[in-house]
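Each chain is listed here by its residues.
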Amino acid sequence: MKVSEIRAMSVDELKAKLADAREELMKLRFRQVTGQLTDTSRPRLIRRDIARMETILRERQAAEQATRMEGAA
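If you're wondering where the values come from, they're calculated on a predicted model, not measured in any experiment.

### Details of the pattern of salt bridges
- Taken as a whole and assessed by the stated rule, the structure comprises six salt bridges.
- With a closest N to O distance of 2.2 Å, Glu54 and Arg22 form a salt bridge. With Glu54 in helix H3 (residues 42–72) and Arg22 in helix H2 (residues 11–33), the pair connects residues that are 32 residues apart, well separated along the chain.
- The exposure class of Glu54 is partly exposed, given its relative accessible area of 34%.

This is how it looks when you write it as structure tokens:
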């Protein structure tokens, strides 16, 4: 998933996609342990997507918090 696609999502969509990605990663780990995983690069890609989504969520939270601080000052 590209960063531009992630940035275009709302916070709720982003949280839903993040939950889906975490679930998919868990399923891939089980498949890897049982020897059924054929695409061994997929877990790495999913982990990176999760990191991108978490980073963008954190950026939005920080921006929101900074806005609140400016309004309080």
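### Things to note about the nonpolar core
- Counting residues in each nonpolar core, the largest one holds 13 residues, and the members touching the most others are Ile6, Leu14, Leu18, Ala21, Ile46, Ile50 and Met53.
- Secondary structure elements with two or more residues in this core: H2 and H3.
- Setting aside residues up to four positions removed in sequence, Ile46 forms contacts with Ala21, Glu24, Leu25 and Leu28.

Basis of the calculations
Residues numbered from 1 in each chain as written. Predicted model: local features only at pLDDT ≥ 70, side-chain atom pairs only at ≥ 80, totals over all residues. Heavy atoms only, no water. Salt bridge = Lys/Arg side-chain N within 4 Å of Asp/Glu carboxyl O. Helix = DSSP H or I, 4+ residues; strand = E, 2+ residues; numbered from the N terminus. Buried < 20%, exposed > 50% of the residue type's maximum accessible area, 1.4 Å probe, protein only. Core = buried A, V, L, I, M, F, W, Y, C linked by side-chain atoms within 4.5 Å. Contact = heavy atoms within 4.5 Å.

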